[in-house]
Amino acid sequence: MKLTLYAVGSKMPAWVSQGFAEYSRRFPRDLSFNLVEIPAGKRGKNADISRILAKEGEQLLAAIPKGNRIVTLEVEGQPWTTPKLAKQLENWQLDGRDVALLVGGPEGLSPACIDAAEQKWSLSALTLPHPMVRILIAESLYRAWSVNTNHPYHRE
């Protein structure tokens with residue numbers, strides 16, 4: 001099974017790329033974790049935000065292979081503890097489909113992305129910096145995998 005994080009925004013600071021890479025490389029071959037970046041629309045003083053959001057949503061959905069389970073990251077989503085996330089990961093693996101995790105830009109995800117989601121996950125009731133979210137997702141999923149495989153990482 002493949003986990004792929006589809007995220008709006010492509011010019012991340014080095015620490016974000018390094019942090020994501022650190023966790024994604026730890027996943028086993030039979031559960032790879034990758035990142036696909038979608039360029040953020042240009043936001044100026046008079047930007048048409050709804051049009052930008054719709055275009056970003058179209059690009060996100062077009063990048064996802066057919067048949068993937070779509071999970072959106074949203075403030076209004078379900079909060080999962082580490083044990084609950086581990087159970088979700090186990091269920092996803094049993095389901096056999098690849099999982100596409102979607103993170104929007106500054107204004108979030110388009111209605112089309114939200115409608116396409118089978119599940120909605122919330123990392124926090126707080127609004128988090130989107131670059132940091134990439135690392136939090138990678139670490140959380142790695143920790144969930146370590147719980148499921150009894151790897152010592154989750155006991156650290």
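Keep in mind that what you see is a predicted model, and the values were worked out from it rather than measured. (Residues numbered from 1 in each chain as written. Predicted model: local features only at pLDDT ≥ 70, side-chain atom pairs only at ≥ 80, totals over all residues. Heavy atoms only, no water.)

Enquirer: If you had to explain the nonpolar core to someone new, which residues and values would you point to?
Expert: Leu 3, Phe 33, Trp 92, Leu 101, Trp 121, Ile 137 and Leu 141 are the most contacted members of the largest nonpolar core, which totals 28 residues. For this core, the secondary-structure elements that each account for two or more residues are β1 (2-8), α1 (14-24), β3 (69-79), α3 (82-95), β4 (99-103) and α5 (130-148). When residues of this core are assigned to their parent elements, the largest contribution, 8 residues, is made by α5. For Ile 137, the residues in contact, after removing those within four places along its chain, are Leu 5, Phe 33, Leu 73, Leu 101, Val 103, Trp 121 and Leu 123. (Core = buried A, V, L, I, M, F, W, Y, C linked by side-chain atoms within 4.5 Å. Buried < 20%, exposed > 50% of the residue type's maximum accessible area, 1.4 Å probe, protein only. Helix = DSSP H or I, 4+ residues; strand = E, 2+ residues; numbered from the N terminus. Contact = heavy atoms within 4.5 Å.)

Enquirer: Describe the UniProt feature "binding site: S-adenosyl-L-methionine" (unreviewed entry) in the protein, naming the residues involved and giving the relevant values.
Expert: In this structure's numbering, the residues bearing the UniProt feature "binding site: S-adenosyl-L-methionine" (unreviewed entry) are Leu 73, Gly 104, Leu 123, Ser 124, Ala 125, Leu 126, Thr 127 and Leu 128. When residues no more than four places from it in sequence are discounted, the contact partners of Leu 73 are Leu 101, Leu 102, Val 103, Leu 109, Trp 121, Leu 123 and Ile 137. Examined against the element boundaries, Ala 125 turns out to sit in the loop between β5 (119-122) and α5. (UniProt positions renumbered as here; feature names shortened; annotations may be inferred.)

Enquirer: Quick one: what's the story with the sheet that holds β4, residue by residue and with numbers?
Expert: The 5 strands are arranged β2-β1-β4-β3-β5 in an open sheet whose pairing can be described as parallel. Each edge of the sheet is formed by a strand with only one pairing partner; in this case those strands are β2 (32-38) and β5. Adjacent strand axes in the sheet meet at a mean angle of 30° when their direction is disregarded. Note: β1 against β2, 7 bridges, orientation parallel. When the sheet's bridge partners are listed, Leu 5 is paired in β2 with Leu 35. (Pairing = 2+ DSSP bridges. Axes fitted to C-alpha atoms, helices over the stretch in contact; angles between N-to-C directions.)

Enquirer: Could you give me a rundown of the packing of aromatic side chains, with the residues and numbers involved?
Expert: Geometrically, a pair of aromatic rings is defined through the distance of the ring centres and the angle of the planes. Tallying each qualifying case throughout the model produces 9 aromatic pairs. Judged by centre distance (5.7 Å) and plane angle (75°), the rings of Phe 27 and Tyr 142 are edge-to-face. Note that Phe 27 is positioned in the loop between α1 and β2 and Tyr 142 in helix α5, a separation of 115 residues in sequence. Taken as a pair, Phe 27 and Tyr 142 share a single burial class, namely buried. Ring geometry for Trp 80 versus Trp 121: centroids 5.3 Å apart, planes at 25°, classification stacked. (Phe/Tyr/Trp six-rings, centres within 6.5 Å; stacked < 30°, edge-to-face > 60°.)

Enquirer: Give me the lowdown on α1, citing residues and values where you can.
Expert: Working note: α-helix, 3.6 residues per turn, so residues spaced by three or four point in the same direction. Of the residues making up α1, those classed as buried are Val 16, Gly 19, Phe 20, Tyr 23 and Ser 24. Relative to the axis of α1, the buried residues are bounded by an arc of 125° and lie together on one face. Opposite the packed face of α1, turned more than 90 degrees from it, sit the exposed residues Ala 14 and Gln 18. On its buried face, α1 is in contact with β1, β2 and α5. (Arc of directions from axis to C-beta.)

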